[in-house]
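Reading the structure
Listed here are the chains, written in short residue letters.
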Amino acid sequence: MSPESPSPGSVRSAAEVNEQIRALWLRAGGTLSAQEREEYELLVIEWAEAIRARVIEAA
């Protein structure tokens, strides 16, 4: 996990995580290294959890 990753239990909004995903792709120039792919996968999981939490709150 990168140093920028939140600690377990911390919650960021889907928009914040999405912004970090976009920044990762920009830094990588559209091609992810193995380490960047791992970071991307963790961010996507975090983004999905943030979306799920938002849907649950709305319900």
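Residues numbered from 1 in each chain as written. Predicted model: local features only at pLDDT ≥ 70, side-chain atom pairs only at ≥ 80, totals over all residues. Heavy atoms only, no water.

Some remarks on the nonpolar core
As a reminder, the rule being used: Within this scheme, the nonpolar core is defined by two criteria: the residues are buried Ala, Val, Leu, Ile, Met, Phe, Trp, Tyr or Cys, and they are joined through side-chain atoms within 4.5 Å. When accessible area is computed with a 1.4 Å probe and restricted to protein chains, residues below 20% of their type maximum are described as buried, those above 50% as exposed, and intermediate ones as partly exposed. Put simply, DSSP H or I for four residues or longer makes a helix, DSSP E for two residues or longer makes a strand, and each gets a number counted from the N terminus.
Membership of the largest hydrophobic core is limited to six residues, which are Val17, Ile21, Leu24, Ala28, Leu32 and Leu43. With four residues, helix 1 (residues 14-28) is the single largest residue contributor to this core.

Section: helix 1
Counting along an α-helix, one turn takes 3.6 residues, and residues three or four places apart therefore face a common direction. Using the following cut-off: Take the residue count of a helix, subtract one, and multiply by 1.5 Å to get its expected span. Summarising the geometry, the arc corresponds to the directions from the helix axis toward the C-beta atoms. What makes two residues a contact is simply this: any of their non-hydrogen atoms within 4.5 Å.
The end-to-end C-alpha distance of helix 1 is 21 Å, a good match for the 21 Å that 15 residues give at a rise of 1.5 Å each. Along helix 1, the positions that sit buried rather than exposed are Ala14, Val17, Gln20, Ile21, Leu24 and Ala28. Buried positions in helix 1, seen along its axis, are confined to an arc of 125° and lie on one side of it. Among the exposed residues of helix 1, those pointing more than 90 degrees away from its buried face are Ala15, Glu19, Arg22, Leu26 and Arg27. Looking at the packing, one finds that the buried side of helix 1 touches helix 2 (34-58). Phi turns positive one or two residues past the end of helix 1, at glycine 29, with a value near 70°.

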